[in-house]
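What the coordinates show
The primary structure of each chain is shown beneath.
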Amino acid sequence: MRMTFVNTKDQRGSSPVKIVLFLAIVALLFLFPTFVESTYALHIMILIFISIIMGSSWNILGGYTGQYSVGHAAYFGVGAYATMMLMQFKQIPPWYGMWVGMAAALVVALVIGSICFRLRGPYFVLASIAVAEIFRVSALNLKEITNGAEGILATEIPPLKFGETVVTDFLSKVPFYYTGLVGVLVIIAVTWLVQHSKLGYYFQAIREDQDAAHSLGINLNVFKNTALAISAIFTSLAGSLYAVYVGFIDPTTVLALDLSVQIVLICIIGGIGTILGPMIGAVVLVPLSEALRSNIIAEGLISSGLVREDSGLGSFLKENLAHAHVLIYGILVVVVILFMPDGVLGFFKKMAARKGKG
Amino acid sequence: MASILEIKHVSKFFGGLAANSDVSFDMTQGMIMGLIGPNGAGKTTLFNCITGYYPPSRGEVFFNGKLMNGLEPDKVCKLGMARTWQKVRPLAKMSVLDNVMVGALCRTNSLKTAREMAMEQIGVVRLEHKADFLAGGLPIGERKKLEVARVLATKPQLLLLDEVMGGLNPAESEEIIQLILDIKKRGITQMVIEHDMKAIMRISDRIVVLNSGEKLAEGNPEEIVNNPDVVAAYLGTEH
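Residues numbered from 1 in each chain as written. Chains lettered and ligands numbered in written order. Predicted model: local features only at pLDDT ≥ 70, side-chain atom pairs only at ≥ 80, totals over all residues.

**Remarks on the overall build of chain A**
Helix and strand counts for chain A stand at 17 helices and four strands. A globule of 358 residues ought to have a C-alpha radius of gyration of about 21 Å, and chain A, at 21 Å, matches this closely. Its C-alpha atoms give chain A principal-axis dimensions of roughly 65 × 60 × 40 Å. For chain A, buried positions account for 41% of its 358 residues. Within chain A, counting contacts between residues at least 6 apart in sequence, those at least 24 apart form 75% of the total. (Helix = DSSP H or I, 4+ residues; strand = E, 2+ residues; numbered from the N terminus. Rg over C-alpha atoms; globule rule 2.2 N^0.38 Å. Buried ≥ 20, exposed ≤ 12 C-beta atoms within 10 Å, placed from the backbone. Contact = placed C-beta atoms within 7 Å.)

Following this line, the structure appears as structure tokens:
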């Protein structure tokens, strides 16, 4: 039985080794921009952070509570649009705008939740997709408010001042790096707190068996909506961060079904229902997708001498492989899901368990 | 003695089919009520009507004098009436202890208190050695015990057990019988659905027999065994 290797002891107390390791990684990440100057490396790290935040947010609803929403782009988009619209049209700085985004996402979540949670299983999934599409189509058509398909381009981010001293003017990637890192630490803390409280137990009970949970005194509506609310708030935060960092949003990037699926994939690839899962998923998926997009495979094959650049195959690959990045990405995802149905984390736990036995 | 549960003229229709029709009986504090009947007699439907899974189509259910019609199962549980499932429903990917803690969290917000309450109930059903095992990996006998421990952890006054001995071997059934009698000693009222006639005659103070959704007979075990209608329902009539 596949479930037998899940370590249930994880829920009770963390070992000192784990805590030290965690603190060391955090310290290293805080120092990272001081010894790495490559803006591309920072760019990748920021994308990973945003992915971790949105993946972990989904994980609270999908992984712990078992409600597979494939419409989380709605909350991501609400955060992105609220922040950008306030910044561009009302000159309200994003560090205020993001709170508005989070509040808006909360309201949206409670409305959507009270309607969609009447449905279970695949019907809930379909409803969540439909709701996200409503948001995308609305953003596309409410041109007066959202600029429609043109999207919103950030012309300038106001400098963050503390009193008279300028903390940062957002000219480099470093402030975004630290914002992302803090966001990641917050979502880890939130997930940890959920897992180590009544909420975590109730969420998991709902995931395992709704009727049994109901008969044990768990109000399904209240706790499903709580999970969705937490999830939506932090997905919105990821959206705000993404919007300000990239500086441009439109309905096809921040409200698309692609994005909803991407959010789910981060968790499924990493391993759902664990704190570590979405982090591993993001660390695997973001560099993978960037590498495929930047033609690293063709260049690697050529420079390693496996394929000669002036041969027919070499030039074909060099010209076309980057265009096929979505295809290759898709194939890799299918392969991972086929061979690691519990995600990368589950796969390695299983390996470790086998090693321990044999 | 005061009635803890009063079922008054309860009917439940699924389309034109009457799964329960005009069922009435009372339960007094501390008793064990056996609920028997052939397959499809409406025993589980009656459980579902009592615990809030279906609203009764007609009739009323009173628990401690309070009308229960229309209350959701979680409210019913909070008020002190809890049920187990004929087809066991372990929270498979959670440990035995965590399963029982989910039940205990109905009465407390503190994980520490819940853990203590859960360990106590796990002790009652003698599953201490399995506390850290995943519920999904337990054999059927232990799953049934887990089901009972989990529901006891919600601190019920009235416990409804739906075929807790189904699929068990005689030794395991005997353990469950002892468990039910232990629970009775602790003052918890119980309603037990069971197909094992020997067992139900041993443990029940009173028995209600359902047949085709209707109450066929009610009485103490001796009265039920000697009731010609009951014998006919189970074995058929003589020609």
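Having seen the model, we can carry on.
**Some thoughts on the sheet that holds strand E3 (residues 32–36) of chain B**
Residues and elements named next belong to chain B. Taken in spatial order, the six strands make up an open sheet running E6-E7-E8-E3-E9-E10, and their pairing is mixed. Two strands bound the open sheet, and with one partner strand each, they are strand E6 (81–83) and strand E10 (214–219). Adjacent strand axes in the sheet meet at a mean angle of 15 degrees, parallel and antiparallel pairs treated alike. The sheet strands contacting helix H1 (residues 43–50) are E3, E6, strand E7 (158–162), strand E8 (189–193) and strand E9 (206–211), and the helix crosses E7 at an angle near 150 degrees. The strands touched by helix H6 (residues 170–185) within the sheet are E3, E7 and E8, with E8 carrying the most contacts at an inclination of about 155 degrees. (Pairing = 2+ DSSP bridges. Axes fitted to C-alpha atoms, helices over the stretch in contact; angles between N-to-C directions.)

**Brief notes about the pairing of strand E2 (residues 17–28) of chain B**
All names here are of chain B. With eight bridges joining them, strand E1 (residues 3–14) and E2 adopt antiparallel strand pairing. By the bridge assignment for E2, valine 10 is matched with valine 23. Counting the residues in the hairpin turn of E1 and E2 gives two residues, including glycine 15, whose phi is positive at 60 degrees.

**Some points on the interface of chain A and chain B**
Taken together, the 23 residues of chain A in the interface contact 28 residues of chain B. Contributions of two or more residues to the side of chain A that touches chain B are made by helix H8 (198–208) and helix H9 (210–215) of chain A. It is H8(A) that contributes the most residues to the side of chain A that touches chain B, six residues altogether. Class assignment of the residues belonging to the side of chain A that touches chain B gives a composition of nine nonpolar, nine polar and five charged. (Nonpolar A, V, L, I, M, F, W, Y, C, P; charged D, E, K, R; others polar.)

**Side note on the packing of helix H3 (residues 96–104) of chain B against helix H5 (residues 140–152) of chain B**
Residues and elements named next belong to chain B. Following both chains from N to C, one finds H3 and H5 inclined at 35 degrees, their axes separated by 7 Å at the closest point. Where H3 approaches H5, its residues Val96, Asn99, Val100, Val102 and Gly103 are matched on the opposing element by Leu146, Ala149, Arg150 and Val151. Per-class residue counts for the contact of H3 with H5 are six nonpolar, two polar and one charged.

**So, the packing of helix H2 (residues 39–64) of chain A against helix H12 (residues 257–270) of chain A**
All names here are of chain A. At a minimum axis distance of 8 Å, the contact between H2 and H12 shows a crossing angle of 80 degrees. In terms of axis orientation, H2 runs roughly perpendicular to H12. Listed contacts from H12 to Ser51, Met54, Gly55, Trp58, Asn59, Gly62 and Gly63 of H2 are Ile263, Val264, Ile266, Cys267 and Gly270. Considered class by class, the residues forming the contact of H2 with H12 number six nonpolar, six polar and no charged. (Parallel < 35°, antiparallel > 145°, perpendicular 65-115°, else oblique.)

**Looking at the pairing of E8(B)**
Taken residue by residue, a regular strand's side chains alternate between the two faces of the sheet. Residue and element names in this part refer to chain B. Taken across its five residues, E8 has five buried, putting it largely inside the fold. In E8, alternate side chains face the same way, and those of Thr189, Met191 and Ile193 on one face and Gln190 and Val192 on the other are all buried. As judged from the five bridges shared by E7 and E8, these two strands associate in the parallel manner. Paired with leucine 159 across the two strands is glutamine 190, which belongs to E8. Between the parallel elements E7 and E8, the chain passes through H6 in a crossover that is right-handed. (Right-handed = clockwise from strand over helix to strand, strands pointing away.)

**A word on the environment of A:Leu199**
Residues and elements named next belong to chain A. Of note, leucine 199 is situated in helix H8. On the basis of neighbour counts, which here come to 20 C-beta atoms within 10 Å, the residue leucine 199 falls in the buried class. A sequence separation of 145 residues divides leucine 199 from methionine 54, and the C-alpha atoms of the two residues are 20 Å apart. Those residues within four positions of leucine 199 in sequence are excluded, and the remaining contacts are Val194 and Thr226.

**Concerning the environment of B:Ala18**
Residues and elements named next belong to chain B. Along the chain, the position of alanine 18 falls in strand E2. Measuring from C-alpha to C-alpha, the distance between alanine 18 and lysine 184 comes to 33 Å, with 166 residues separating the pair along the chain. Not counting residues within four places of it along the chain, the set of residues in contact with alanine 18 comprises Ser11, Phe13 and Gly213.

**Quick look at unusual backbone geometry**
All names here are of chain B. The phi dihedral of aspartate 22 falls on the positive side, at around 55 degrees, and the residue is not glycine. Structurally, aspartate 22 is set in strand E2. Its identity is not glycine, yet asparagine 64 carries a phi of approximately 50 degrees, on the positive side. Along the polypeptide, asparagine 64 turns up in the loop between strand E4 (58–63) and strand E5 (66–67).

**Some details on the environment of A:Gly270**
Residue and element names in this part refer to chain A. Tracing the backbone through its elements, the reader meets glycine 270 in helix H12. On the basis of neighbour counts, which here come to 29 C-beta atoms within 10 Å, the residue glycine 270 falls in the buried class. Considered as a pair, glycine 270 and phenylalanine 347 are 77 residues apart in the sequence and their alpha carbons are 9.5 Å apart. Setting aside residues up to four positions removed in sequence, glycine 270 forms contacts with Gly55, Gly277, Pro278, Met279, Ile280, Gly281, Gly343, Val344 and Leu345.

**Thoughts on the sheet that holds E4(B)**
Sheets are built from strands paired through backbone hydrogen bonds, the pairs being either parallel or antiparallel. Residue and element names in this part refer to chain B. A sheet is described by the order of its strands in space; here four strands give the open sequence E2-E1-E4-E5, paired in antiparallel fashion. Each edge of the open sheet carries a strand with a single partner, namely E2 and E5. As defined by bridge partners, E1 adjoins E4 across five bridges and the pair is classed as antiparallel. Paired with glutamate 6 across the bridge in E4 is phenylalanine 62.

**What about the confidence of the model for chain B?**
Overall, the predicted model of chain B reaches an average pLDDT of 90, with 99% of residues at or above 70. Here the prediction assigns the complex a pTM of 0.88, and the interface score ipTM is 0.90. (pLDDT = per-residue confidence, 0-100.)

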